[in-house]
Amino acid sequence: MTTVLERPLSALSARANSEAPPALEIRHVSVSFPTRDGLVRAVNDVSFTVGEGRILAILGESGSGKSVLLRTILGIQAPSARVRGAVLVQGTDLLQLPAAERVRLRGSLLSMVFQNPMTALDPVYTVEQQIVESVRRHTKMSVGQARDRALELLRLVQIDSPERRLTAYPFELSGGMRQRVVIAMALACKPRVLLADEPTTALDVTVQARVLDLFRSIRRELGTAIVLVTHDVAVAAEVADDVQVMYAGRVVETGPVRTVIGQPEHPYTRGLLNANVGPGHTARLVAIPGQPPNPAQLPEGCAFAPRCDSALGACRTTVPELVRVGALQYARCIHAKELID
Ligand SMILES: Nc1ncnc2c1ncn2[C@@H]1O[C@H](COP(=O)(O)OP(=O)(O)OP(=O)(O)O)[C@@H](O)[C@H]1O
Ligand SMILES: [Mg+2]
């Protein structure tokens with residue numbers, strides 16, 4: 001099991017002594033920002049685990065807290081951010097470490113492919129210079145060793161004619177190739193956890209499919225645990241083992257990707273699926289009516305209630321618990337039928 005929330009966590013900790021810790025474990029993480037308009041509650045009590053070599057997709061509309069969550073895991077949040085909870089990588093809580101130690105672990109233990117990767121490369125340096133710099137920042141390799149590593153990394157991300165590409169500048173590469181270089185840089189020190197924020201959004205569908213293939217081969221060959229943020233259900237269905245659906249900073253549904261997409265239990269997940277069909281499907285797109293709430297003024301009960309056809313009075317007063325609705329599937333909705341062991 002790779003994605004677990006509040007309840008399964010206790011079951012997991014009972015076995016913790018006899019098993020190696022998961023690659024990544026997030027416990028009750030909340031992130032808020034004090035602003036002139038009030039407290040922006042961007043991430044609210046999020047918990048999950050990702051095992052070695054597994055891919056978790058985080059799915060949600062714009063503003064649901066996906067990037068804030070990933071930046072918090074990496075430890076590069078805005079100075080005003082108030083962060084609570086625990087971010088454990090192979091059992092070590094990164095939020096408890098001194099800042100210098102966290103910087104040291106970034107790259108070697110976990111690294112990130114940022115949203116809008118086209119701006120992640122510096123136009124005035126060659127691919128080789130940028131990868132070498134990224135390798136040397138985190139290791140004691142000589143320039144010569146780092147160059148060899150750069151070539152090895154370009155091969156790993158399946159770039160054609162890697163020797164030739166090393167001397168290229170970013171503008172000489174296609175969008176798909178630039179994205180591969182960005183991923184190569186994130187993999188420079190073979191991190192145990194790779195965070196990827198919308199890594200395929202800017203790419204056309206064919207290139208997107210090849211980059212998703214690359215994520216699959218990375219987890220197979222390096223055993224990297226991957227957290228992939230997307231607003232595209234088709235991307236999650238294509239590449240992930242598990243999926244976590246976020247709405248207004250909360251997890252509203254989670255479980256194995258096939259079950260969640262095949263049998264969604266939360267009305268928001270169902271809405272997302274209707275609005276966001278994969279390639280090859282002919283269903284008409286039906287957008288979810290209304291807008292997500294302002295995170296500085298979250299409604300009292302279920303944040304989705306104002307947009308939900310099935311909302312009852314109770315939905316407007318109490319935030320529903322995340323309840324088990326399938327073997328490994330959980331949903332945060334009072335209409336979801338809780339499975340009792
Ligand atoms: N430094 C900050 N100060 C105040 N509010 C912030 C800050 N950073 C993010 N937010 C707010 O937190 C909420 C979540 O933002 P986030 O960037 O995580 O959304 P997202 O799910 O990644 O959306 P998208 O799909 O558009 O990338 C948004 O309402 C955003 O305005
Ligand atoms: Mg984002």
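Scroll up a little and you will see the structure.
Each value, and the rule that gives it
Each residue is numbered by its place in its chain's sequence as written, counting from 1. For naming, the first written chain is A and the first written ligand is 1, with later ones following in the order written. Given that this is a predicted model, residues contribute local features only at a pLDDT of at least 70 and side-chain atom pairs are listed and counted only at 80 or more, while totals for whole chains, interfaces and linings are drawn from all residues. Here a helix means four or more residues in a row that DSSP labels H or I, a strand means two or more in a row labelled E, and each is numbered from the N terminus. Atoms considered for the radius of gyration are the C-alpha atoms alone. The globule rule reads 2.2 Å times the number of residues to the power 0.38. For the exposure call, what matters is how many other C-beta atoms sit within 10 Å of a residue's own: 20 or more marks it buried, 12 or fewer exposed, and in between partly exposed, using C-beta atoms placed from the backbone. What counts as a contact is two residues whose backbone-derived C-beta atoms lie within 7 Å of each other. As used in this record, a residue near a molecule or strand is one whose C-beta atom, placed from the backbone, is within 6 Å of it. Under the scheme applied here, ten amino acids are nonpolar (Ala, Val, Leu, Ile, Met, Phe, Trp, Tyr, Cys and Pro), four are charged (Asp, Glu, Lys and Arg), and all others, including Gly, are polar. To estimate how far a helix should reach, multiply one less than its number of residues by 1.5 Å. DSSP calls a pair of strands paired once it identifies at least 2 bridges connecting them.

A. Local environment of the overall build of the protein. From N to C terminus, the protein includes eleven helices and twelve strands. The C-alpha atoms of the protein give a radius of gyration of 20 Å, which matches the 20 Å a tight globule of 341 residues would have. Principal-axis analysis of the C-alpha atoms places the extent of the protein at approximately 65 × 50 × 45 Å. Sorting the 341 residues of the protein into buried and exposed places 44% on the buried side. The long-range fraction of contacts in the protein, counting pairs at least 24 apart against all pairs at least 6 apart in sequence, stands at 65%.

B. Molecular detail of the site of ligand 1. Near ligand 1, the surroundings consist of 16 residues, among which Phe33, Ala42, Ser62, Lys66 and Ser67 are the closest. Taken together, the elements giving at least two residues each to the shell around ligand 1 come down to β1 (24–35), β2 (38–50) and α2 (66–74). Within the shell around ligand 1, the residues separate by chemical class into six nonpolar, nine polar and one charged.

C. Geometry of helix α7 (residues 175–186). For α7, built from twelve residues, the straight-helix expectation of 16 Å at 1.5 Å per residue is met to within 8% by its first-to-last C-alpha distance of 17 Å. Burial analysis of α7 places nine of its twelve residues in the buried class, which makes it a mostly covered element.

D. Expanded view of the sheet that holds β2. Within the open sheet, the four strands sit side by side as β2-β1-β4-β5. Their pairing is antiparallel. In the strand order of this sheet, the two ends are held by β2 and β5 (92–93), each with one partner. Here β1 pairs with strand β4 (residues 82–89) via seven bridges, running antiparallel. Residue pairing across strands places glutamate 25 opposite leucine 88, the latter belonging to β4.

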